[in-house]
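# Architecture at a glance
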Amino acid sequence: MDRDDVMTAVLQRFAGGDPELPNGFAEHAPMDAEALLTLGVEPAAVATWAQRHEPVPLAEGSPLPRLRALVLAELTSDGWRSVVTRRVGALVPRLDVHLFHGLIRTAHAVRTIERRNDPVVRSELATALAGWARWAEHGRDRDAEPSATDPTAVVLDAARRGAGAFVSDPSIFTLHAVTAPMAYLLLAPHLAEADQVRAARAFAHTHRRHSPAAPDPLDGERVRPDAAALRSLADRWDAHPAKLTEAALRAHDATGDPVFLRVADTA
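Quick summary incoming for the structure in this document.

About the criteria used
- Each chain has its residues counted from 1, running along the sequence as written.
- Under the rules for a predicted model, residues below a pLDDT of 70 receive no local features and side-chain atom pairs below 80 are neither given nor counted, while totals for whole chains, interfaces and linings still include all residues.
- In computing side-chain values, all of the structure's heavy atoms are included and hydrogens and water are not.
- Under the scheme used here, helices are H or I runs from DSSP no shorter than 4 residues and strands are E runs no shorter than 2 residues, and both carry numbers assigned from the N terminus.
- Our radius of gyration looks at C-alpha atoms and nothing else; its globule reference is 2.2 Å times the residue count to the power 0.38.
- Burial classes follow relative accessibility: with a 1.4 Å probe on protein chains only, a residue under 20% of its type's maximum area counts as buried, one over 50% as exposed, and anything between as partly exposed.
- Axes, fitted as lines to C-alpha atoms, cover a helix only where it is in contact. Angles between the N-to-C directions of the axes lie from 0 to 180 degrees.
- Small angles under 35 degrees read as roughly parallel and large ones over 145 as roughly antiparallel, with 65 to 115 read as roughly perpendicular and the rest as oblique.
- It is the rotation of the near helix from the far one that decides the hand of a crossing: anticlockwise by less than a right angle makes it left-handed, clockwise makes it right-handed.
- Whether two residues touch is decided by their heavy atoms; if any such pair falls within 4.5 Å, the residues are in contact.
- Note on terminology: a nonpolar core comprises buried Ala, Val, Leu, Ile, Met, Phe, Trp, Tyr and Cys residues joined through side-chain atoms within 4.5 Å.
- Whenever a nitrogen or oxygen atom comes within 3.5 Å of another N or O atom, the pair is scored as a polar contact, on the condition that within protein one atom can donate a hydrogen and the other can accept it, and that pairs from neighbouring residues in sequence are kept only if both atoms are in side chains.
- By definition here, a salt bridge exists when the distance from a side-chain nitrogen of Lys or Arg to a carboxyl oxygen of Asp or Glu is within 4 Å.
- Whether two aromatic rings pair depends on their centres lying within 6.5 Å, for rings of Phe, Tyr and Trp, where Trp uses its six-membered ring; planes under 30 degrees apart make the pair stacked, over 60 edge-to-face, and the rest tilted.
- Each residue gets one label: Ala, Val, Leu, Ile, Met, Phe, Trp, Tyr, Cys and Pro are nonpolar, Asp, Glu, Lys and Arg are charged, and the others, such as Gly, are polar.
- Take the number of residues in a helix, subtract one, and multiply by 1.5 Å to get its expected span.

## Some details on the overall build of the protein
A tally of helices and strands in the protein yields 13 helices and zero strands. The order of helices and strands in the protein, counted from the N terminus, is α-α-α-α-α-α-α-α-α-α-α-α-α. In summary, the protein has a C-alpha radius of gyration of 18 Å against a globular reference of 18 Å for 267 residues, a match within 12%. Along the three orthogonal principal directions, the C-alpha set of the protein runs to about 50 × 45 × 30 Å. Classification of the 267 residues of the protein by burial places 57% in the buried group.

Right, here's the structure in full:
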């Protein structure tokens, strides 16, 4: 099996599942499979990782099938780019709902559909957008900050703040303070300029609790994880280390800031 075969198999298996687990957490299998493959982990190892996870059937009476069908129809008739521009643009003021998981799953789906646009991937994108929309019904707008003149810089600063918080106090909350802004940056090229500004304002709001990342006293000793370290991520049941590592390495590529290599070390 190659990369596309594995991703197709994972998405087909989870296509009818609920993006929210019975314990209130989010389903991570489709996102993590995509992150592992992006990191260059062997497709066979990713397939084995995914088999350890079981999709959760939708609860009776769930509104998700109706929402998903609506989004899927739009993806079919309008094209995925215009749907992402419109729907993500409308959702960015509530990008933090359900600990950012609607945003993050949508970002992984968009990176997948950029690689291969087919019915299986469109279904995954529809699930991600529908889940985000469902969670956003209970959220609050987070775009009350001043206008951002450089939205990308604001979002990368949010990621740095999240990285500093994670290195100081690793937790499920500080972890998503890194993965969320980096996931958003996968979506930003598809958004209107005004919506990019709104997203930057939202991240300025959600990350203002985190202090700027302190300089790393061991800058020169930070190295990127090697292939063996990346392969070991597929040996874990938890999806978060792989998603965090992929986001941190991409952030380091964008900024050169060694705090993101510290994040990868910690992950």
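Following the structure, the description resumes.
## Focus on the packing of helix α5 (residues 80–91) against helix α7 (residues 119–136)
At their nearest, the axes of α5 and α7 sit 11 Å apart, and the two run at 15° to each other. Relative to α7, α5 is oriented roughly parallel. The handedness of the crossing between α5 and α7 comes out as left-handed. Contacts between α5 and α7 involve Trp 80, Val 83, Val 84, Arg 87, Val 88 and Leu 91 from the first element and Leu 125, Leu 129, Trp 132, Ala 133 and Ala 136 from the second.

## Side note on the nonpolar core
Soluble globular proteins tend to pack their nonpolar side chains together in the buried interior. By size, the foremost hydrophobic cluster in this structure holds 81 residues, and its most contacted members are Leu 95, Leu 103, Leu 125, Trp 132, Tyr 184 and Phe 203. Discounting chain neighbours no more than four positions away, the residues touching Leu 103 are Leu 95, Trp 132, Ala 180, Tyr 184, Leu 187 and Phe 203.

## With respect to the side chain of His 190
By secondary structure assignment, the location of His 190 is in the loop between α9 (172–187) and α10 (193–206). Judged by its relative accessible area of 11%, His 190 is buried. Within polar-contact distance, the side chain of His 190 engages the side chain of Glu 114 at 2.7 Å. Beyond its immediate stretch of four places on either side in the chain, His 190 contacts Trp 80, Arg 81, Val 84, Thr 85, Val 110 and Glu 114.

## Thoughts on unusual backbone geometry
As a rule of thumb, non-glycine residues mostly have phi less than zero, and peptide bonds are mostly trans rather than cis. One non-glycine residue with positive phi stands out, namely His 98, at about 50°. Mapped onto the elements, His 98 comes out in the loop between α5 and α6 (101–115).

## Thoughts on the side chain of Asp 118
Structurally, the position occupied by Asp 118 is in the loop between α6 and α7. Within the structure, the side chain of Asp 118 is placed 2.7 Å from the side chain of Arg 116, a separation counted as a polar contact. A distance of 2.9 Å separates a polar atom in the side chain of Asp 118 from the backbone nitrogen of Val 121.

## Some points on the pattern of salt bridges
By the definition in use, this model includes 21 salt bridges. One salt bridge connects Arg 198 with Asp 195, and the closest N-O pair in it is separated by 2.9 Å. On the criterion of helical spacing, the pair formed by Arg 198 and Asp 195 is a turn pair, its members being three residues apart in helix α10. Assessed through its relative accessible area of 14%, Asp 195 is described here as buried. The shortest N-O distance in the salt bridge between Asp 253 and Arg 224 comes to 2.8 Å. Taken as a pair, Asp 253 in helix α12 (residues 240–255) and Arg 224 in the loop between α10 and α11 (227–232) lie far apart in primary sequence, 29 residues in all. For Asp 253, a relative accessible area of 56% gives the class exposed.

## Some remarks on the packing of aromatic side chains
Going through the model one piece at a time under the given rule, you end up with two aromatic pairs. Geometrically, the ring pair formed by Phe 100 and Phe 203 is stacked, given 6.1 Å between the ring centres and 10° between the ring planes. You can see Phe 100 sitting in the loop between α5 and α6 and its partner Phe 203 sitting in helix α10, a full 103 residues away along the chain. Here the two residues Phe 100 and Phe 203 agree in accessibility, since each one is buried. Each residue in the set Phe 100, Tyr 184 and Phe 203 is aromatic and connected to the rest through ring pairs, giving one cluster.

## Considering the packing of α12 against helix α13 (residues 259–266)
A pair of packed helices is captured by two measures, namely the crossing angle of their axes and the spacing between those axes. Packing of α12 against α13 brings their axes to within 8 Å, and their N-to-C directions diverge by 165°. Comparing their axes, α13 and α12 come out roughly antiparallel. In this structure, α12 meets α13 at a crossing whose hand is left-handed. Facing Leu 244, Thr 245, Ala 248, Leu 249, Ala 251, His 252 and Thr 255 of α12, the residues of α13 in contact are Phe 260, Leu 261, Val 263 and Ala 264. Residues belonging to the contact of α12 with α13 are distributed by class as follows: eight nonpolar, three polar and no charged.

## Quick notes on α9
Look at α9: 23 Å from first C-alpha to last across 16 residues, which is about the 22 Å you get at 1.5 Å a residue. Among the 16 residues that make up α9, 14 are buried, leaving the element largely enclosed by the rest of the structure.

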